[in-house]
Amino acid sequence: MDFMLSPEHQALRRLIRDFAETEVAPVAADLDREHRVPHEIMRKLGQIGLLGVCFPQEYGGMGAGEIGYCILMEELGRVCTSTATNVGAHIGIGAMVIYLDGREEQKQKYLIPLARGEKIAAFGLTEPNAGSDAANVHTRAVREGDSYILDGGKVFITNGGYADVITVMAATDPSLGAHGGITAFIVETDWPGFSVAREEDKMGIHGTSTAELVFEELRVPQENVLGKVGEGFIPFMKSLDMGRLTLGAAGLGGAEAALDWAVRWAKTRKQCGVELAHKQSVQWMIANMATEIEALRSLIYRVGWMVDTGQPFTQLAAMCKLYGSEVASRAIDMALQIHGGLGLSRDFPIERFFRDARIAEIFEGTNEIQRIVIASDIFRQHGVRIRP
Amino acid sequence: MKIAVILGRVLNPAGIVVNRRRGRIFVNREEYVMQPADRCALEAALQIKDGSEAEVIALPRDLLPGDAVGSADVLRRALSMGADRAVNFTGRASDVDDAGMTHVLAAAVERLGGVDLVLTGATTWDTGQSQLGPRLAEVLDWPQVVDAWAVRVIDDRAEVVCQILSSPVRGDRGGGSGYSIFEVDLPAVVTVHPGALKSRYPDGVRLINVYRDDGVVEQWDVAEMVDTGNLVPLLEKRGQDFPPQRERGVQLEGTPQEMAKALAGELKKRIG
Amino acid sequence: MDFALNEEQEMFLAMFRDFSTKEVAPSVEELDHAEQPPLDVLRKAAQQGFLGATLPEQYFGAELDYLSYCLLLETLAKDSLSVAVTLATHVSLAAMSILAYGTGAQKEAWLGPMAAGEVIGAFAFTEPDAGSDTSILQTRVTFPFDGEESEGGEATLNGVKTWVTNGEIASLLLVFAQGSEGIDAFLVPADAPGLTVGYREPTLGLRSVTFNTVYLEGCRVPGANRLGEPGTGLEIAQQAQDRMAVALAAAGLGEGEAAIETAAQFASERVQFGVPIAQKQAIQNYIAEATAEVEALRYLVYRAAWLVDQGQGTPFDFSVVKVHGARVARNVTNRMVQVMGGYGYMEDYPLARRYRDVRAFSIMGGPTELQQVRVAQQVFAERDVEVVP
């Protein structure tokens, strides 16, 4: 077993860290305060090739694999959860569906510009009645000649307010549900019938677009059906599976940032005549944070390796998301506590990370769903099919 | 045209702590970065390449035993940023200083053949003003311009912009206030001021491919290039110590009134 | 032991609920968004006698027992934690300190206006270098001439206070400073020469509460404005913090109850996989655990309030209620955000604001870590071991 990152992955990490510290960290607080999407940063990431980090070079990507993508999310997560979220929605779910299930022509037409960062992607799954129950989509897709007409809408779509390409899940046959009734489509956002209704006002990740989308007689050519008609649920679930891993990686980044600040503050701040570092309460928090971070890191990169070597990873990816989001929340909370009053102040970055981290336990499959995925997989291996 | 860029690596000072009291330097985080001035030199070379047909070749600044991997890393970074070729030197048993390195690099430039411009940093983070560029120009018998802020190539000349340091000598300097522009015939050696240019990020695809390819950096044996007798250091390092301690100030405490009283007293003591 | 609220307390509770629903709930979201203090709410609260909740009738107070006052805070917190914290600072920290330690003249001068809401009180103890470390303060109080201290004279205060709750809206600040015999407490009007209320901290939560930095630069007050004897400042501050610990825990209790109410309602309406999510065991567990925690906290808080009324209560009691109140309020709110899923993250729904507001509870009024030291000190003192923090 070789636990070292390969030379190219080490070099990649250096590049991304340098970029994150130079381009992202200085504006992270502004993005939050101004509720602004980092379009400039997305453009620069695209120019370097990072918006296609895991896609093969023949499709405009960097060919750094899932491990490369984990590194990207980890390093961005260390400085700005909002930026990491924009990137994750673009690569890990938006473009990923096209990579996993697109036809060659679709990959040529859409994946290449997405991987190069010339266009931005989003993932159109969630609806008011389809949250955890993702198959319960009501957006209708009706065949008409050589097109499909989409009617309905989506909510809570990350990047939805500015994406160029959105992979949308719609019901072609409501009576069949997830098995035969749902189809995936590639939708271009400048087509007539597509509109953005509103942006959500969230507790955190203010530097992201979380949009409500409306489809009104939106005509989608049949070439844009992704995968087979009626079998759209599977590619979307596969994409979510993969996205989970890298969400855990972003959590790892956030936890590492928290540990870093906590240590720095503890060695500087004096109370009762001694630095906080000499207080056992603080030492315990830091030791716990560090231990969880190490465990998470090993989990994330091992699962990355499993994906890159073609091994089954569904259960493990769910663990990455579950554990990653919880480790990040715990670590950031402890760092905030160590900083005392300053941890509550918006003049310091910690409270921003605190607000940003909370969503990770909820989106892309709540942690409850992750637990169902894990338990289902375990029992399935023992011949029991559990009803969630 | 052919541009050779000489790049070195240095320990990132951010990972170093100096403890004066114990008279020691602690390397808490051993992280090497490209010398900042050399990075600017590379950027200057790449910008020339952006505007024309040019080949950029990266060469190492240092020759330290067992440092092949370290130097190779800097060279690979240069490749990932856009350099066309990189050459590392192997086969050396002990430290070679700037004087010795000059001979190695001069031989390398000869061997490359047709080099029009040599770029390197004007300073290094660890030793200050770098002698390497000027020495190399002397050995090659090429013109040199040091501490450049910008370099442009026009036909067989280079236009180099340098900052004027404040000087009592008057005269027509041209080029606008604060800067001189020198025209120099190629081939020439130009050293670049640190911070003169913003370094570009490596290209992602290039980065992955360069680092996956073990053979991407060429290896040249030093013994085949120079008489190793020329490489013995001219200077012998006998020791190193911290600069002498300076007298610290006096901290005054108390209420503003108390501090004012104390300050007056201190001033009386010193001035009389 | 009688665990039931008496008739009067039940009546008060109904009155408090009525007030909160009518006067607090409608503006809470807007005030949070605009980060404005709830001045209108305070005016209305004053009309009800809430700003002098525990003060004697002779000072136009409502003369509520501490438990009833805690019921008020619990109720207000269900709609706005900011309003509860603002009120508690005014009553428990400022007004009741004057009640406990003030001279007749001081009580006459200040308590009536405070009960009427004409004067809002603030508490200025924390300093940039003295957060939890309370034994030494940098803020100094001096008297120009020796001997004048005992005669009254004029005191001069110099220093900087941070995180002064109600800083911007207060007309009276209780300022703690290092004097010749230890820490002194001074009643400083906001318009005293040399006092400047400065920077307002932008905070994660409690965005309708003002937390300010206060500068004392040659701030002059009559010597007669000292509260209590010279050197009793630490005692005054500690008692105030103990009262506040109970008050905050009561607010936390209300906050937790409200979070559960909102989430349970959501869980009964939100249908996924064909059934309300209330049918899912995981959701049931979250609600059940939260309810159990809140119930346990309830009686801890009510008992602590009773201890305040009895004039009893050891550091152990107050620290335990502070720690537990903060922990339960935070855990419950966090779990209820999770029950609400994405809707728990949207500012259109109340849970997001609750989550942001309640985080401060483990820090303000003495962070959990220091409270725990106090608890340990008492536990080990009984075994003849002096715990040194």
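Worth saying up front: this structure is predicted, and the values here are computed from it rather than measured. All residue numbers refer to positions counted from 1 along the written sequence of the respective chain. Chains carry letters and ligands carry numbers; both start at the beginning, A for chains and 1 for ligands, and go up in the order they are written. Side-chain atom pairs in this predicted model are given and counted only at pLDDT of 80 or more, local residue features only at pLDDT of at least 70, and totals for whole chains, interfaces and linings cover all residues. Derived side-chain values reflect all non-hydrogen atoms in the structure, with water molecules and hydrogen atoms excluded from consideration.

1. Some words on the overall build of chain C
In step 1: A tally of regular secondary structure across chain C gives 12 helices and 10 strands.
In step 2: Atoms counted for the radius of gyration: C-alpha only. Globule rule: 2.2 Å times the number of residues to the power 0.38. Radius of gyration (C-alpha) of chain C: 21 Å, near the 21 Å computed for a compact globule of 389 residues.
In step 3: Counting only C-alpha atoms, chain C reaches 80 × 50 × 40 Å along its principal axes.
In step 4: Here the term buried applies to any residue with accessible area under 20% of the maximum for its type, exposed to any over 50%, and partly exposed to those in between, with areas from a 1.4 Å probe on protein chains only. When the 389 residues of chain C are sorted by exposure, 57% land in the buried category.
In step 5: A separation of at least 24 residues holds for 72% of the contacts in chain C among residues at least 6 apart in sequence.
In step 6: Accessible surface area values rest on a Shrake-Rupley calculation with a 1.4 Å probe, where residue burial reflects the displayed protein chains alone. Carbon together with sulfur atoms contributes 52% to the accessible area of chain C, which is approximately 15,500 Å² in total.
In step 7: Averaging the locations of the 27 positively and 51 negatively charged side chains of chain C gives two centres separated by 7 Å. Where helices and strands are cited, they refer to DSSP runs of H or I of at least four residues and of E of at least two residues respectively, numbered from the N terminus. Between two residues, a contact is recorded if the distance between any of their heavy atoms is within 4.5 Å. Only four residue types enter the tally: Lys and Arg on the positive side, Asp and Glu on the negative side; His and the chain ends are excluded. By convention, the point assigned to a charge is CZ for Arg, NZ for Lys, CD for Glu and CG for Asp.

2. Some points on the interface of chain A and chain C
In many analyses, interface size is given as the accessible surface area lost on bringing the parts together.
In step 1: Of the residues lining the interface, 45 residues belong to chain A; the matching set on chain C comes to 43 residues.
In step 2: Joining two parts hides part of their accessible area as seen by a 1.4 Å probe, and the buried area is that hidden amount summed over both. Summed over both partners, the interface of chain A with chain C buries about 3,800 Å², with 52% contributed by carbon and sulfur atoms.
In step 3: Taken as a group, Met203, Leu344 and Arg346 of chain A account for 18% of the area that chain A buries against chain C, more than any other trio of residues on that side.
In step 4: Salt bridges, as used here, are contacts in which a Lys or Arg side-chain nitrogen is within 4 Å of a carboxyl oxygen on Asp or Glu. Seen at the junction of chain A and chain C, the total is four salt bridges.
In step 5: Within 3.5 Å is the distance limit for a polar contact, defined as a pair of N or O atoms, with the added protein rule that one can donate a hydrogen and the other accept it, and that residues adjacent in sequence qualify only through two side-chain atoms. The interface formed by chain A and chain C includes 29 residue pairs in polar contact (both at pLDDT 80 or more).
In step 6: Taken together, the elements giving at least two residues each to the side of chain A that touches chain C come down to helix H7 (280-308), helix H8 (314-338), helix H9 (341-344), helix H10 (350-358) and helix H11 (367-380) of chain A.
In step 7: Here the side of chain A that touches chain C takes five residues from H10 of chain A, the largest share from any one element.
In step 8: Each residue belonging to the side of chain A that touches chain C can be placed in one class, and the counts come to 15 nonpolar, 13 polar and 17 charged. Here the nonpolar group is Ala, Val, Leu, Ile, Met, Phe, Trp, Tyr, Cys and Pro; Asp, Glu, Lys and Arg are the charged ones; every other residue, Gly included, is treated as polar.

3. So, unusual backbone geometry
In step 1: Here the bond from Leu186 of chain B into Pro187 of chain B is cis, since omega is 0°, no more than 30 degrees from zero.
In step 2: Tracing the chain through its elements places Pro187 of chain B in the loop between strand E13 (179-185) and strand E14 (188-192).
In step 3: Look at Phe60 of chain C: it is not a glycine, yet its phi comes out positive at around 65°.
In step 4: Relative to the helices and strands, Phe60 of chain C resides in the loop between helix H3 (39-47) and helix H4 (66-79).
In step 5: A relative accessible area of 66% means that Phe60 of chain C is categorised as exposed.
In step 6: Of note in the backbone geometry, Asn166 of chain C takes a positive phi value of approximately 70° without being a glycine.
In step 7: Along the chain, the position of Asn166 of chain C falls in the loop between strand E3 (154-165) and strand E4 (172-179).
In step 8: Residue Asn166 of chain C is classed as buried on the basis of its relative accessible area, which comes to 1%.

4. Comments concerning the packing of helix H10 (residues 315-340) of chain C against helix H11 (residues 350-358) of chain C
All names here are of chain C.
In step 1: Only C-alpha atoms enter the line fits that serve as axes; for helices the fit covers just the stretch in contact. Angles between N-to-C directions range over 0 to 180 degrees. Closest axis-to-axis distance for the H10/H11 pair is 9 Å, and the angle between their directions is 155°. Relative to H11, H10 is oriented roughly antiparallel. Crossing angle aside, the handedness with which H10 passes H11 is left-handed. Here Ala329, Arg330, Thr333, Asn334, Met336, Val337 and Met340 of H10 lie close against H11, whose contacting residues are Leu351, Arg354, Tyr355 and Val358.
In step 2: The class makeup of the residues in the contact of H10 with H11 is seven nonpolar, two polar and two charged. Oblique is the label for any angle not under 35 degrees, not over 145, and not in the 65 to 115 range, which are roughly parallel, roughly antiparallel and roughly perpendicular in turn. Handedness of a crossing follows from how the near helix is turned relative to the far one, being left-handed for an anticlockwise turn of less than a right angle and right-handed for a clockwise one.

5. Topic: a nonpolar patch on the surface
Residue and element names in this part refer to chain B.
In step 1: A surface patch of nonpolar side chains, amounting to about 260 Å² of accessible area, comprises Val18, Ile25 and Val27.
In step 2: Tracing the backbone shows Val27 in strand E4 (residues 24-27).
In step 3: The partly exposed category is assigned to Val27, whose relative accessible area is 44%. In this scheme, patches are assembled from residues that exceed 30% relative accessible area and form no salt bridge. Like charges are connected within 9 Å, while nonpolar side chains (Val, Leu, Ile, Met, Phe, Trp, Tyr) are connected within 5 Å.

6. So, the packing of aromatic side chains
In step 1: Aromatic contacts are taken between Phe, Tyr and Trp rings whose centres are within 6.5 Å, Trp giving its six-membered ring; a plane angle under 30 degrees counts as stacked, one over 60 as edge-to-face, and the others as tilted. Evaluated as defined, the whole model comprises 19 aromatic pairs over all chains.
In step 2: Members of the aromatic cluster, joined through ring pairs, are Phe156 of chain A together with Phe266, Tyr343 and Tyr349 of chain C.
In step 3: We call a charge positioned above a ring when the Lys NZ or Arg CZ atom is no farther than 6 Å from the ring centre and deviates by at most 35 degrees from the ring normal. Taking NZ or CZ as reference, Arg111 of chain B lies 4.2 Å from the ring centre of Trp220 of chain B, over its face.
In step 4: Arg335 of chain C extends its terminal NZ or CZ atom over the ring of Tyr286 of chain C, reaching a point 4.6 Å from the ring centre.

7. Quick look at the domain arrangement of chain C
Residues and elements named next belong to chain C.
In step 1: Residue ranges labeled as domains rest on an automatic or database domain assignment. The assigned domain composition of chain C is domain 1 (7-115), domain 2 (121-230) and domain 3 (235-381).
In step 2: When each unit is reduced to the centre of its C-alpha atoms, the spacing between domain 1 and domain 2 is 23 Å.
In step 3: Taken together, the contact pairs 23 residues of domain 1 with 21 residues of domain 2.
In step 4: Sorting the residues of domain 1 by area buried against domain 2 places Glu35, Gln106 and Trp110 first, and these three jointly supply 29% of that buried surface.
In step 5: Counting across the interface, domain 1 meets domain 2 through zero salt bridges.
In step 6: At the junction of domain 1 and domain 2, the tally comes to seven residue pairs in polar contact (both at pLDDT 80 or more).
In step 7: Sorting the residues of the side of domain 1 that touches domain 2 by element identifies helix H2 (28-34), H3, helix H5 (81-101) and helix H6 (104-116) as the ones contributing at least two each.
In step 8: Ranked by the residues each element gives to the side of domain 1 that touches domain 2, the list is headed by H5, at 11 residues.
In step 9: A class-by-class count of the residues in the side of domain 1 that touches domain 2 yields 13 nonpolar, eight polar and two charged.

8. Section: the pattern of salt bridges
Residues and elements named next belong to chain A.
In step 1: Enumeration over the complete set of coordinates arrives at 63 salt bridges over all chains.
In step 2: Between Asp101 and Lys238 there is a salt bridge whose closest N-O contact spans 3.4 Å. Within this pair, whereas Asp101 is found in helix H4 (residues 81-101), its partner Lys238 is found in helix H6 (residues 233-268), the two being separated by 137 residues in sequence.
In step 3: Its relative accessible area of 35% is what places Lys238 among the partly exposed residues.
In step 4: Where salt bridges share partners, they join Arg13, Arg17, Glu74 and Glu75 into one cluster.

9. Side note on the environment of Val225 of chain A
All names here are of chain A.
In step 1: Here Val225 is to be found in strand E8 (residues 225-226).
In step 2: Spatially, the C-alpha atom of Val225 lies 19 Å from that of Leu213, the residues being 12 residues apart in sequence.
In step 3: Residues in contact with Val225, not counting those within four places in the same chain, are Arg103, Gln106, Tyr148, Thr183, Ala184 and Phe185.

10. Here's the deal with the pairing of strand E6 (residues 55-60) of chain B
Residues and elements named next belong to chain B.
In step 1: Across the six residues of E6, five count as buried, placing the element largely inside the fold.
In step 2: Bridging between strand E1 (residues 2-7) and E6 involves six bridges; their strand directions are parallel. From the neighbouring strand, Leu7 faces E6, where its bridge partner is Pro60.
In step 3: Any two strands with at least two DSSP-identified bridges between them are counted as paired. Here E6 pairs with strand E7 (residues 85-90) via two bridges, running parallel. For Ala58, the partnering residue across the bridge sits in E7 and is Ala86.

11. Re helix H4 (residues 132-140) of chain B
Residues and elements named next belong to chain B.
In step 1: All buried positions along H4 are accounted for by Leu132, Gly133, Leu136, Ala137 and Leu140. One side of H4 carries all its buried residues, which in axial view fall inside an arc of 130°.
In step 2: Where the residues of H4 are buried, they touch E1, helix H3 (98-112), strand E8 (115-121), strand E11 (144-154) and E14.
In step 3: Where H4 terminates, the next one or two residues include Asp141, which has phi positive at roughly 60°. Arc definition: it is the arc formed by the directions from the helix axis to the C-beta atoms.

12. As for the pairing of E1 of chain B
Residues and elements named next belong to chain B.
In step 1: Of all the six residues making up E1, six are buried; the element is thus mostly covered by neighbouring parts of the structure.
In step 2: Neither face of E1 is exposed, since Lys2, Ala4 and Ile6 on one face and Ile3, Val5 and Leu7 on the opposite face are all buried.
In step 3: Note that E1 and E8 share five bridges and pair parallel. Bridging across to E8, Ile3 finds its partner in Leu117.

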